[in-house]
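Read off the chains here:
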Amino acid sequence: MRKAGCILLAALLTACTLTPDWEPGVSQTLAQARAERISGLSYALSFEIPDTLDAPCKGAATLAFDLKGRGPLLLDFRPGAEAVHGLTVNGEILEAEVRDEHILLPARALRRGTNEVTVRFTPDDAPLNRHDGFLYSLLVPERARTLFPCFDQPDLKARFSLELDIPAGWTAVSNGPVAEERTEGTRKQVRFSPSGLVSTYLFAFVAGKWERSDFDRNGSPIAIYHRETDPAKRAQLPEIHRQIVHALDWMEDFTGIPMPFGKYDCVLVPGFQFGGMEHPGVILYNASRTFLSEAPTDTERLYRTELISHETAHLWFGDAVTMRWFDDVWTKEVFANYFAARITEPLFPETDFRLRNFQYFNIPAYAEDRTAGTHPVRQRLDNLKDAGLVYGNIVYDKAPVVMRMLADTLGTEAFQAGMREYLETYLYRNATWPELIDILDRHTAADLKAWSHRWVEEAGMPHYTAGTELPNLSALGYGYYEMSEGLVKKALHAVLELDNPHERLSTLANLYENMLHGNVPADRMTECLDTLLRTEKEPLIASAALGYLDDLWHRQPARTETLLHDLARNPSVPGQIRLSAFRKLVHFHADAGTDGELFSIWRHQAPYPGLVITAEDYTMMAFELAIRRPQDLETLRNVQRTRIDNPDRQARFDFVFPSVHPEQAVRDSVFQALLRAENRHTEPWAEDCLRFLNHPLRQAEALSYIVPALDILPEIQRTGDIFFPKNWVVCLLSGHDSPEAANRVKTWLAAHPDCPPLLRNKVLQAADRLLR
């Protein structure tokens, strides 16, 4: 009886394991179960890319893997049953069972040991980012499953082979090097060698009409692909290459590990939705962030170097060593940002990087951490379908502040030794934050677990009560320092008198945070900024002060506009500060006299004496002036369009211009179009449109957009890339300041109590100023 009972129990348990866990997305439970059973994974992928955008692509995928135990497997594939055209498992042709974004691999067709699965399919267009003349795949964080059937989780790394069938005039690049290329008539076949061992979100390919510029590093080739037509911008390619080489040299020296994956090609993509993306062997950069304008500010120059350094650092932190689950995605981003700052320092010896880091990290982190939508650095994530929502200022900006604290706690040598041990231990594998802390704990007497709980696991901005002296003058602290009335008066005077720039910027930030908490009257804050900006010579402090004016314009528009106008016209103001003030004046101005001046500047391309503005500035002026000068609409559109000679920039101008049309019916039609996913294809263009539709000067007419735009947030999340949900809400709400707009947001939040917390946080973050 006992033996029979054991057999029966074993049978029941086996039956339970044969029931697949159907659930949309990729649950952590599913991912953990698959990671325990699957090893030795590889993909052989092929895609046929048609000549025209209206024709669908075709794909085939063959997965090979070793399998432990019995039971079915779920293969991830979001496009659905109608996109699956054939399934073969270990030589057996099967009728595919597809539901809840998965394809069932039945237990009877699988076997212990080696398995091979082939699927023919139609990929979703969204992750291919198809444009006229080019496309690029972008699969972070869990969009690989929208492009091809796969086990879409970061801890099932694989080698990827790829074959592309593309138009004959196109060029292609992927993670691995080109192994073979042949042209037959109007088509070209390109076969790539297998990639290194990477997670699915890091697989990528680019195809289209690209120009290739060849460079090298110590004899190893580096190719930069681009579509730029401006000779002045193309002349920047050697500098871009120099900065890539510098970043690679620095990272190799710090880590003691040669560049992982052995291939560094990059593509400068027009209209790219991120600053960059770190696919090993085919790093993508936003073309407008890497090709600088004819008069770049120091901030723009710094940003480009930090961007290149950030994506290059990812080759070690994120690509070679990858988080096990996307709750630790912040670890790859914090290391990339932390090391990007250190890599950049030697190239800008004139820059005060303690000041830069406070302006670049602390201030943006405060903007999110002070809101009701704040969250811990390390967030809970039950399903990868929500992974895109964990990104934000706390991951990119607060986390580097925290990492600097950690590095300072360990000291230079111990921190470097710990990082090297971490990389050597987990190279080409996956790791968690606690596993890193375990390693670093061996290099210090400090209690890192307690430190980690406070700064990584707990949410919110630390709240300190300042005494009688100005707080955080070193600019090394992080938090809200509440000041008494007497200390506020002292700080308002001191911020204009302090010689030390760290003390000046930190005090300015403390004053602004205290204003938001009601301790500093808005008119006193505006008066302070007015006085400071008229004399400030440090661009980083001026940049922070000008950023605060975005908020204060909504409180005191006339005074803010007068200040911006005076700064933009004054030749004695440093050039970078003048240019930043001019750009804000173009956006915010309401005075008729100023409008006439700006129209004359645009029409004759004759800026204020001594002020150098760029081609992109003239394009933005055309958009802004069209909002204010309906009588000149056709002139603004036609003249500006003829000034743009790059076809990609022309396409962007044509897409965005209807959003500034004077007729409400036209703008309403633009908004209705944005509610359809196919019209949000190029996300930066869609963001431009939504921002102009909700321009501060048209906010009353845009009230009707608020609720419908919030209603489609789940779809924005489902169809958009990682930064799009937050950017969508920011573009929707940043131009509004009325009680009616605030009430519409509050009503929407109250009517949607079941809105997923990660998504709700994005609304609360973007609406913070409006709801205060």
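Here the structure is shown first, and the text comes after it.
Everything numeric in this text was worked out from a predicted model, so none of it was measured.

What counts and what doesn't
- Residues numbered from 1 in each chain as written.
- Predicted model: local features only at pLDDT ≥ 70, side-chain atom pairs only at ≥ 80, totals over all residues.
- Heavy atoms only, no water.
- 1 Å grid on protein atoms, 1.4 Å probe; cavity = no way out; pocket = protein on both sides within 12 Å on 5 of 7 lines; lining within 4 Å.
- Points joined across faces, edges and corners; volume = space filled by probe spheres on them.
- Buried < 20%, exposed > 50% of the residue type's maximum accessible area, 1.4 Å probe, protein only.
- Helix = DSSP H or I, 4+ residues; strand = E, 2+ residues; numbered from the N terminus.
- Pairing = 2+ DSSP bridges.
- Nonpolar A, V, L, I, M, F, W, Y, C, P; charged D, E, K, R; others polar.
- Contact = heavy atoms within 4.5 Å.

A. Here's a closer look at the layout of surface pockets. Taken as a whole, the second largest pocket spans an internal volume of roughly 730 Å³. Forming the walls of the second largest pocket are 34 residues, and the residues nearest its centre are Arg130, Glu678, Arg680, His681 and Thr682.

B. Focus on the pairing of strand S14 (residues 205-208). Along S14, one buried face is formed by Phe205 and Ala207 and the opposite face, lined by Val206 and Gly208, is buried too. Here strand S9 (residues 134-136) pairs with S14 via three bridges, running antiparallel. Residue pairing for S14: Phe134 is matched across the bridge by Gly208. Sheet analysis places strand S11 (residues 171-174) next to S14, joined by four bridges and oriented antiparallel. Residue pairing in the sheet places Ala172 in a bridge with Ala207 of S14.

C. Summary view of empty space enclosed by the protein. Inspection of the entire model under this criterion finds two cavities of 30 Å³ or more. There is about 50 Å³ of room inside the largest cavity. Elements that contribute at least two residues to the lining of the largest cavity include exactly strand S20 (321-323) and helix H8 (329-344). Across the lining of the largest cavity, the residue classes tally to six nonpolar, three polar and one charged. Empty space within the second largest cavity amounts to approximately 30 Å³. Taken together, Phe160, Leu162, Ser174, Asn175, Gly176, Phe192, Ser193, Ser195 and Phe203 make up the full set of residues lining the second largest cavity. Grouping the amino acids of the lining of the second largest cavity by side-chain chemistry returns four nonpolar, five polar and no charged.

D. Examining the side chain of His502 more closely. Within the element layout of this structure, His502 appears in helix H15 (residues 501-516). Once residues lying within four places of it in the same chain are set aside, the contact partners of His502 are Asp352, Arg354, Leu355, Leu473, Ser474 and Ala475.

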